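# Remarks on the overall topology
Here is how the chains run, residue by residue.
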Amino acid sequence: MVNGQLFHFRKHSWPADDYVSRSTLQLLDFDGGAPPEQAWRRRLNSHANLLKEFSVTFMEAIRMIRLGVRLWSYVREEASHGRKAPIDPFTREKCRPSASLGVPLGGMGSGSISRGFRGEFKHWQIIPNSCEPSAIMTNQFSIFINREGGQKKYSSVLAPGQHEGLGKTQEDDFSSWDWNLGGQHSTYHALFPRAWTVYDGEPDPELKISCRQISPFIPHDYRESSLPAAVFVYTLVNTGKERAKVSLLFTWANSIGGASHLSGKHTNEPFREADGVSGVLLHHRTAQDNPPVTFAIAACETQNVSVSVLPSFGLSKGSYVTARDMWATMLQKGHFDQENFSAGPTMPSSPGETLCAAVSASAWVEPHGKCTVAFSLAWASPKVKFKKGCVYNRRYTKFYGTSENSASTLAHDALMNYKWWEEEIEKWQNPVLKDDRLPDCNRRYKFTLFNELYFLVAGGTLWTDGESPEKKSNAGTKPRKSKGVVDQGGTWSFEKEDVGRFLYLEGVEYVMWCTYDVHFYASFALLALFPKIELGIQRDFARAVLCEDRRKVKFLADGAAGIRKVSGAVPHDLGLHDPWHEMNAYNIHDTSRWKDLNPKFVLQVYRDVAATGDEAFARQVWPAVRAAMDYMDRFDRDGDGLIENDGFPDQTYDAWTAKGVSAYSGGLWLAALQAAAGLARRLGHAEPADRWSASLRRAVPAFEAKLWNGSYFSYDAGSRSIQADQLAGQWYTAAAGLPPLFDEAKIHSALHKVFEFNVMKVNGGRMGAVNGMTPAGKVDETCMQSREIWTGVTYAVAAGMIHAGMTRQGFATAEGVFTAGWSEDGFGYWFQTPEAWTVDGHYRSLVYMRPLAIWAMQWALSPGRAAGSGSAAPVAAPPAPPPARRSKCFDRSVFRCDC
């Protein structure tokens, strides 16, 4: 058994008043100010530990030295062309990752900004494929309190004063602000897409404050969920005997971090919208010829709340108005001059100068009275430009147009609609939060289920309105094709509703769009919440199956050359620098020889058809399904119906070699045979259905004869390693409502073996499921990946257990990820869940796609999806539209997918 000293104690539950007194929760329990009991929590004065990255062993390094040399050369070559390599283990960020993140801001695919649990804005991903991790410390909320009579005054930035970011700034004016918040009485609560920060008597002992952060992530709403905006609602409760004037301040720097931070030529200007919404626009010129970005910070004026702005101030002594001057004005008056609204645009900033803006909202709060103040943040970056490809318009431009000035309208609409957003979010979340079927000890499951969705915002997602504008302008002309690319797919279009095209990265360190072997696990989240996006991704891959790209690529694992994309093979990914047109950015191995991609495509198609009932989609992708199945025949070399692995890492475990028939790839193939036959019969294609069914009848007994050892399926024909993911095919079979591949006794025996060895023999089950274990109960040290715990695979194994009726073991398996990744006693991976960690707590690849597989657990728990049920539950209907908006909606258009 592997033992560790990482978890000295363990909290099995967090009472509602564990962090915040029950009396404070009751006072804040109006207008949404009190956080839900099920939210994840941290105190603001908690230390954010630096995270520990993995390292390879000496023997692993020796085995990978040739790969390392080739990869180093490739990374340097890409850099010489101004491009980022999809995998770059050599470049380290200046800001080391720490356990400091919280719920990100905004909807999906329009750029994202993450926010730390202590209030800092960081992890800027406005530009595709680019993540700037460092916090911009000027971006803060602050408070100024003046009790009637002037005897009691309080002022502070609403972030802990001991924050490590303060020690790194060279700007004296910024550090001159009042950093008086200790944080010991302030707590952060997260339930994506919302977060609450409760200040329980800080900085004023007689003022209770809640800041509620809300973003428009609304399942089945393909409009609101694309908006780059967020709202911050402050709930103020005065428990004192004196009337209090409270001024809240929102400061923002004209920056997205990185190369353009101090490049100059940025401008600010005040604005006033309808309904009392006013603020400042910050126009930012990005570096390296990237499209510009405009921010809007705003507040809503009401009968009790007055709003004022300071369009510009600087952080250096040479500025016309400095940060020190701005703070002094707020201390003295609690607001800015109303004349500032007529100031007009500022002069462009000089190189090296940080241009900032501020919005203040002031209100009187009566003794024992309550008040609400709302701010919004929006950003408009309408165009996306790829290094080697086209320019696209983001999805939100379909409703707001392509002007950067739409940021002010976005900020206005966010303040007008956030209450409706919250109603829809609660309608979606409450059935899960109130589900009494879930074990009491698994409160962590509920908040982790929702919080893992952070990746769909902060994981480098991109959502376009469809085709590139340059292609639309050339409608009727021959589509652009790169030399050597053969397109056999014809013209495709979305039926019913055009929801644009969606991309999401494998991770912020592995930058490839829609990595398919990983999407196989993550896709349950999209299918459950945004099924039209899931079907759109499937259409993109179906089209790709029928394409061939003969351009030469050097594969780094062995140095051999091959073609980029083979017809009939499912691509590893949709590319990087020219997505949809130059696929397979991954070049470690030749993925046309991988054994899991094609079966995964067929399985996902069948599952999606069963879940949505979309027959038009089934007919549209059928040619690709048949081509993908026929392509795999070449890997059945002895005619027993089974495919064989080729003695290199030819599947998602791309450092773990498999030889001959393997449990993982072979099991996926069995499931794909059954799914393909079922889809063929559904569409009336009898011949392939009969052929694949006959292959399945031969393949199952051959698979069992070669791999079943009496208690589980061996890793491959030459290894008895116990693989956690050995029943991946059976898991998907159950999730799709198909009959089981093996008899119940074998399924239960294999899953019990995984639970007993891969889960419980690793720190008592408190870390997840290790990928490989030997029959002797030792972690399999064959390679780097065999000894890792993969978070998404752990969730998938747990889902498979739930489908098999082993719900208790399933939750116990997943609880290891909750504990190691999300608890205070764990590693601190919240809102940046990595692909993997080792038994000693070293991570690999933070902010990773695969942990979205936790939604496979919810899929297994949902009515109508029990193992062997034969059908999948229908997808829920979309929410009703929000109240009428003043922003213009644009006509939808059908577009073509060109390879």
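The shown structure was predicted, so the numbers you read here are calculated from the model rather than taken from an experiment.

### Remarks on the pairing of strand β23 (residues 561–565)
For strand β22 (residues 547–554) and β23, the ladder comprises four bridges, and the chain directions are antiparallel. Following the sheet pairing, Lys 554 is matched in β23 by Ala 561. Hairpin connection from β22 to β23: six residues lie between these consecutive antiparallel strands, with Gly 559 at a positive phi of about 80°.

### Details of the nonpolar core
Nonpolar side chains in soluble globular proteins tend to be buried together. Counting residues in each nonpolar core, the largest one holds 291 residues, and the members touching the most others are Phe 375, Tyr 504 and Phe 601. In terms of residue count, helix α15 (residues 663–682) provides more of this core than any other element does, 13 residues in total. Of all hydrophobic cores here, the second largest spans seven residues; its members include Val 20, Ala 34, Val 198 and Val 237.

### Digging into the sheet that holds strand β7 (residues 194–200)
Spatial ordering of the open sheet is given by β1-β6-β7-β8-β9-β16-β13-β12-β11, a layout of nine strands whose pairing is antiparallel. For this open sheet the edge positions go to β1 (40–43) and β11 (267–272), each flanked by a neighbour on one side alone. When strand polarity is set aside, the average angle formed by the axes of neighbouring strands in this sheet is 15°. Relative to strand β6 (residues 186–191), β1 runs antiparallel, the two being bridged by four bridges. When the bridges of β6 are listed, Arg 42 appears paired with Tyr 188. Here helix α7 (residues 406–433) sits on the sheet and contacts β6, β7, β8 (207–214), β9 (229–238), β11, β12 (277–284), β13 (293–300) and β16 (370–380); the angle it forms with β16, its principal contact strand, is near 110°.

### So, the pattern of salt bridges
Taken as a whole and judged by the stated rule, the model has 38 salt bridges. Ionic pairing is found between Lys 595 and Asp 646, a salt bridge with its closest N-O pair at 3.0 Å. One end of the pair, Lys 595, is in the loop between β23 and α13 (597–612); the other, Asp 646, is in strand β24 (residues 645–646), with 51 residues separating them in the sequence. We classify Asp 646 as partly exposed; its relative accessible area is 25%. The partner of Asp 638 in a salt bridge is Lys 706, and the shortest N-O contact between them spans 3.3 Å. Here Asp 638, found in the loop between α14 (615–631) and β24, pairs with Lys 706, found in helix α16 (residues 686–707); they are 68 residues apart in sequence, far enough to count as distant. Taking the relative accessible area as the measure of exposure, Lys 706 reaches 39% and is therefore partly exposed. One connected set of salt bridges, linked through shared partners, spans Arg 194, Arg 212, Glu 422 and Glu 426.

### Some remarks on a nonpolar patch on the surface
On the surface, Phe 58, Met 59 and Ile 62 cluster together into a nonpolar patch covering about 350 Å² of accessible area. If you trace the backbone, Met 59 turns up in helix α2 (residues 58–63).

### Points about helix α18 (residues 744–759)
Taking 1.5 Å of rise per residue, the 16 residues of α18 would be expected to cover 22 Å, and the 21 Å separating its terminal C-alpha atoms lies within 8% of that figure. Within the span of α18, buried status applies to Lys 746, Ile 747, Ala 750, Leu 751, Lys 753, Val 754, Phe 755, Phe 757, Asn 758 and Val 759. Summarising the contacts, the buried residues of α18 are in contact with α16, β26 (722–723), α17 (728–735), β27 (772–773), α19 (791–803) and α20 (807–822).

### Let's talk about the pairing of β16
Buried residues dominate β16, accounting for nine of its 11 residues. Relative to β16, β9 runs antiparallel, the two being bridged by nine bridges. Looking at β16, one finds that Thr 235 is bridged to Thr 372. Inspection of the sheet shows β13 paired to β16 by six bridges, in the antiparallel sense. Its bridge partner lying in β16, Phe 295 is registered against Trp 379.

### Regarding the confidence of the model for the protein chain
Chain-level statistics for the protein chain give a pLDDT mean of 89 and a share of 89% at 70 or above. Every residue in residues 1–16 scores below 50 in pLDDT, and together they form 43 contacts with partners more than four places removed in sequence or on other chains. Scored below 50 in pLDDT, residues 490–496 makes 20 contacts in the model with residues more than four places away or belonging to other chains.

### Overview of the sheet that holds strand β10 (residues 244–253)
The sheet built from five strands is open, its strands ordered β5-β4-β10-β15-β14 with antiparallel pairing. Two strands lie at the open edges of the sheet, namely β5 (153–157) and β14 (305–314), each paired on one side alone. Sheet twist, expressed as the average angle between the axes of neighbouring strands with direction ignored, equals 15°. Packed on one face of the sheet, helix α5 (residues 323–333) meets β4 (140–147), β5, β10, β14 and β15 (355–365) and runs near 165° to β10.

### Some details on unusual backbone geometry
Across the junction of Phe 192 and Pro 193, the peptide omega takes the value 10°, indicating a cis bond. One non-glycine residue with positive phi stands out, namely His 220, at about 70°. For His 220, the location among the structural elements is in the loop between β8 and β9. By relative accessible area, which is 11% here, His 220 ends up buried. Residue Gln 288 is not a glycine yet carries a positive backbone phi of 55°. Within the secondary structure, Gln 288 sits in the loop between β12 and β13.

### Here's the deal with the environment of Ala 569
Position of Ala 569 among the secondary structure elements: in the loop between β23 and α13. Along the chain, Ala 569 and Asn 598 lie 29 residues apart, while their C-alpha atoms are 6.6 Å from each other. Once residues lying within four places of it in the same chain are set aside, the contact partners of Ala 569 are Ala 544, Val 545, Ser 592, Asn 598 and Tyr 631.

### Quick look at the packing of aromatic side chains
Enumeration according to the criterion identifies 68 aromatic pairs in this entry. Each ring, one from Tyr 222 and one from Trp 463, has its centre 6.5 Å from the other, and the planes form 80°; the classification is edge-to-face. You can see Tyr 222 sitting in the loop between β8 and β9 and its partner Trp 463 sitting in strand β19 (residues 462–464), a full 241 residues away along the chain. A relative accessible area of 0% means that Trp 463 is categorised as buried. Lys 595 extends its terminal NZ or CZ atom over the ring of Phe 635, reaching a point 4.6 Å from the ring centre.

### Focus: the side chain of Thr 267
Along the chain, Thr 267 falls in strand β11. With residues up to four places along the chain from it excluded, the contact list for Thr 267 reads Asn 254, Leu 281, Leu 282, His 283, Thr 346, Met 347, Pro 348 and Leu 355.

Here is what the cut-offs are and how they apply
- Residues numbered from 1 in each chain as written.
- Predicted model: local features only at pLDDT ≥ 70, side-chain atom pairs only at ≥ 80, totals over all residues.
- Heavy atoms only, no water.
- Pairing = 2+ DSSP bridges.
- Helix = DSSP H or I, 4+ residues; strand = E, 2+ residues; numbered from the N terminus.
- Core = buried A, V, L, I, M, F, W, Y, C linked by side-chain atoms within 4.5 Å.
- Buried < 20%, exposed > 50% of the residue type's maximum accessible area, 1.4 Å probe, protein only.
- Axes fitted to C-alpha atoms, helices over the stretch in contact; angles between N-to-C directions.
- Contact = heavy atoms within 4.5 Å.
- Salt bridge = Lys/Arg side-chain N within 4 Å of Asp/Glu carboxyl O.
- Patch = residues over 30% accessible without salt bridge, like charges linked within 9 Å, V, L, I, M, F, W, Y side chains within 5 Å.
- Areas by Shrake-Rupley, 256 points an atom, 1.4 Å probe, with all protein chains shown as cover.
- Expected span 1.5 Å × (residues − 1).
- pLDDT = per-residue confidence, 0-100.
- Phe/Tyr/Trp six-rings, centres within 6.5 Å; stacked < 30°, edge-to-face > 60°.
- Lys NZ or Arg CZ within 6 Å of the ring centre and 35° of its normal.

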